[in-house]
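# Residue-level structural notes
Each chain, written out:
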Amino acid sequence: MEDSEDSGILERNWEALEGSEDHHRKRDSMIWIEIPPKAARILTILQENGFEAYVVGGCVRDSLLGRKPQDWDITTSASPEQVKQLFGRTIDTGIQHGTVTVMDEKDGFEVTTYRVDGVYEDGRHPKQVTFTASLREDLMRRDFTINAMAYSPSDGLVDLFNGVDDLRTAQIRCVGDPKERFGEDALRMLRAVRFAAQLGFSVTEDVLAAIRELSGTLRKVSAERIQAELIKLLVSPRPDWLRLAYECGITSVVMPEFDRIMEQRQNNPHHAYTAGEHTLVAMKNIPADRVLRLTMLFHDMGKPQVFETDEKGIDHFHGHAAYSEVIARQIMRRLKLDNETLHAVCTLVGNHSRYPKLNAFDVRKTAYELGGPEVFERFLLVKRADVLAQHPDVIAQKMDYLKALEHIWRDIKLHQDPLSMKDLALSGDDLIADGRKPGPAMGEILQALFMEVLEFPERNKKEYLLSRSREM
Ligand code: ATP
Ligand code: MG
């Protein structure tokens, strides 16, 4: 999600209504949201068949903020069976929770029957859900006021918990009593911080107090659900708001390793902050990509393990990258991240303190060893983000190095120098055609030739390589 100027339809609709009598009702009936035609069609079909239907939740919130909604969820008084009868193509997405996905060409819309959630079993899933005829009850089960608004073109905005006021004053507030709501589902505590980070909102004091008291109960929530919220926080415009999760006791439960670096001092000329504060700044310094943000989050987590203070009182962290990689792997396994992400992040974390020499051969060799040009480019971003989060006194000098490195890399790409075995101008088939027997020796020859062209790219010519291979 990108950062947005929070000046949506809300502001445009606002001025004429401010201070008027019956302020809320008038305002709500005048607020207008542009709904995609396909979602509007679903609302119309449901309403023409005698059911209530609204778009609800995130899409209403984001529209009012002038942000582009990710998806348009619909809430209705129709039962799942009735929804299925009315629409041609549907998928039983979560039929036991009342959700049916209505397909319109390639687009899917989740249509959920008004429901009341029971207590979430072990903080995971609602034990049972009960369908209800009341929109009010459906809105009451939702977590935050800004997420508990519904809208339809015929009825306008339905805002029973002053969500609009909280949007205007930029606040995350629970629907009802925070302690009760977190008691039903502990994940909501992490969601509060995630929405705050995405939107740049503050979390109300009663919500914060409840989180401080109940953060321990996040232990009951499944790794998958925690992972999803954590990643949304990390790729938000404010990844450094993870600090808020730390301050109110959330990270001590979901990622105690982070608390360790928040407490790790770095009395050393390269650093101006604790390892944790450095990490938060480094996350802000890198594009909002999950691999990159996770890399910055983990890159210094090994520091407490190798922490040493010399006789002059200077702190050192020799070899911390390898330890950080081990911790990163543990955390990502625990949070059940996919293997591809895990592997990509571990490579970057484990190599982040590597300094390629400022010559083309060493840079090509590093790119090859890291796993190719895409990884190397991410590596450059990681180094840049890391340097820019260090002590102001060392940034200039380290940036000179980085710029020189980036310059060499641009030349390498410009010349299309060979960087992997597949770029070699000679293949196994060429060797066979030249009379070699397939086998391990052949692989070794190709490898040796590749190492040669990595150093001397101008030698990457078939005839030359063939003649070299004959000498081997
Ligand atoms: P996003 O844009 O990130 O998808 P969203 O508001 O759509 O934000 P979802 O997690 O997709 O968030 O949930 C959709 C809606 O369902 C929310 O707006 C909220 O009304 C409700 N909701 C989701 N999860 C919970 C929960 N754990 N407790 C209460 N209500 C929830
Ligand atoms: Mg959503």
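Since this is a predicted model, take the numbers as computed values, not measurements.

### Notes on the packing of helix α24 (residues 440–455) against helix α25 (residues 462–471)
- Orientation of α24 relative to α25, taken along the N-to-C sense of each, is 130°, at an axis distance of 11 Å. One way to sum up the angle between α24 and α25 is to call them oblique. As α24 packs across α25, the resulting crossing turns out to be right-handed. The residues of α25 that touch α24, namely those facing I445, L449, E452 and V453, are Y464, L465, R468 and S469.

### Here we look at the nonpolar core
- Among the nonpolar cores identified, the biggest contains 112 residues, and L46, I250, M255, L297 and F298 are the most heavily contacted of them.
- Tallying contributions element by element places helix α9 (residues 187–199) first for this core, with nine residues.
- If near-sequence neighbours (up to four positions away) are discounted, F298 is found in contact with M255, S324, A328, I331, M332, V345 and V349.
- Counting residues in hydrophobic clusters, the runner-up holds twelve residues, among them L426, L446, F450 and L465.

### Quick notes on the pairing of strand β1 (residues 53–56)
- Side chains of β1 alternate between two faces, with A53 and V55 and Y54 and V56 buried alike.
- Sheet analysis places β1 next to strand β10 (residues 150–152), joined by two bridges and oriented antiparallel. Each bridged residue has a counterpart across the sheet, and for V55 the counterpart in β10 is Y151.

### Section: the pairing of strand β4 (residues 99–104)
- The element β4 is largely enclosed, with a buried count of six among its six residues.
- Sheet topology places strand β3 (residues 90–94) next to β4; three bridges connect them, and they run antiparallel. From the neighbouring strand, T90 faces β4, where its bridge partner is V102.
- With antiparallel pairing between neighbouring strands as the criterion, β3 and β4 make up a hairpin whose turn holds four residues, including G98 at a positive phi of roughly 90°.
- As paired elements, β4 and strand β5 (residues 107–113) share six bridges and run antiparallel to each other. Among the inter-strand pairings, M103 is bridged to a residue of β5, identified as G108.

### Brief notes about the sheet that holds strand β2 (residues 74–76)
- An order of β3-β4-β5-β2-β1-β10-β11 is seen for the seven strands of this open sheet, with the pairing classed as mixed. Lying at the two open borders of the sheet, with one neighbouring strand each, are β3 and β11 (156–158). Across the sheet, the axes of successive neighbouring strands diverge by a mean angle of 35°, strand direction being ignored.
- Running at roughly 35° to β5, helix α3 (residues 37–48) makes contact with β1, β2, β4, β5 and β10 of the sheet.

### Considering the site of ligand 1
- Neighbouring residues of ligand 1: 16 residues in total, closest R61, D185, R188, R191 and R194.
- D185 has a polar side-chain atom sitting 2.8 Å from a nitrogen atom of ligand 1.
- Measuring from an oxygen atom of ligand 1, one finds a side-chain N or O atom of R191 at 2.9 Å.
- Relative to its free-state accessible area of 590 Å², ligand 1 is covered by the protein chains to the extent of 84%.

### A few points about the side chain of T295
- Structurally, T295 can be placed in helix α16 (residues 290–298).
- The contact partners of T295, leaving out residues within four places of it in the chain, are V345, L348, V349 and V382.

### Regarding the packing of aromatic side chains
- Evaluation of the coordinates by the stated rule reveals seven aromatic pairs.
- Summarising the aromatic geometry, the rings of F144 and F195 are spaced 6.0 Å apart at their centres and angled 75° between planes, so their arrangement reads as edge-to-face. Of this pair, F144 sits in the loop between α6 (135–140) and β10 while F195 is found in helix α9, placing the two residues 51 residues apart along the sequence. This pair shows no difference in class: F144 is buried, exactly as F195 is.
- Look at F307 and F317: their rings are 5.8 Å apart centre to centre, the planes differ by 25°, and that puts the pair in the stacked class. Taken together, the positions of F307 in the loop between α17 (303–306) and β14 (308–309) and F317 in the loop between β15 (315–316) and α18 (320–334) put the pair ten residues apart, joining distant regions of the chain.
- By relative accessible area, F317 is classed as buried at 8%.
- Chaining the aromatic ring pairs together yields one cluster made of F376, F379 and W409.
- Between the NZ or CZ atom of R194 and the centre of the ring of F195, over which it lies, the distance is 4.0 Å.

### Concerning the pattern of salt bridges
- Taken as a whole and judged by the stated rule, the model has 39 salt bridges.
- Residues K38 and E105 are paired through a salt bridge, measuring 2.9 Å at the closest nitrogen-oxygen approach. Pair noted here: K38 is in helix α3 and E105 is in the loop between β4 and β5, with a separation of 67 residues, a long-range link.
- Each of R115, D117, D138, R141 and R142 takes part in salt bridges that share partners, so that together they form one network.

### With respect to the packing of α9 against helix α11 (residues 223–234)
- Two elements in contact, α9 and α11, have axes separated by 8 Å at closest approach and are oriented at 15°. In terms of orientation, α9 lies roughly parallel with respect to α11. Here α9 and α11 pass one another in a crossing that is left-handed. Contact with α9, carried on its side by L187, L190, R191, V193, R194, A197 and Q198, involves R225, I226, E229, L230, K232 and L233 of α11 and no other residues of that element.
- The residue inventory of the contact of α9 with α11, partitioned by class, reads seven nonpolar, one polar and five charged.

What counts, and where the lines are drawn
- Residues numbered from 1 in each chain as written.
- Chains lettered and ligands numbered in written order.
- Predicted model: local features only at pLDDT ≥ 70, side-chain atom pairs only at ≥ 80, totals over all residues.
- Heavy atoms only, no water.
- Axes fitted to C-alpha atoms, helices over the stretch in contact; angles between N-to-C directions.
- Helix = DSSP H or I, 4+ residues; strand = E, 2+ residues; numbered from the N terminus.
- Parallel < 35°, antiparallel > 145°, perpendicular 65-115°, else oblique.
- Left-handed = near helix turned anticlockwise from the far one by under 90°.
- Contact = heavy atoms within 4.5 Å.
- Core = buried A, V, L, I, M, F, W, Y, C linked by side-chain atoms within 4.5 Å.
- Buried < 20%, exposed > 50% of the residue type's maximum accessible area, 1.4 Å probe, protein only.
- Pairing = 2+ DSSP bridges.
- Near = heavy atom within 4 Å.
- Polar contact = N/O pair within 3.5 Å; in protein donor to acceptor, adjacent residues only side chain to side chain.
- Areas by Shrake-Rupley, 256 points an atom, 1.4 Å probe, with all protein chains shown as cover.
- Phe/Tyr/Trp six-rings, centres within 6.5 Å; stacked < 30°, edge-to-face > 60°.
- Lys NZ or Arg CZ within 6 Å of the ring centre and 35° of its normal.
- Salt bridge = Lys/Arg side-chain N within 4 Å of Asp/Glu carboxyl O.
- Nonpolar A, V, L, I, M, F, W, Y, C, P; charged D, E, K, R; others polar.

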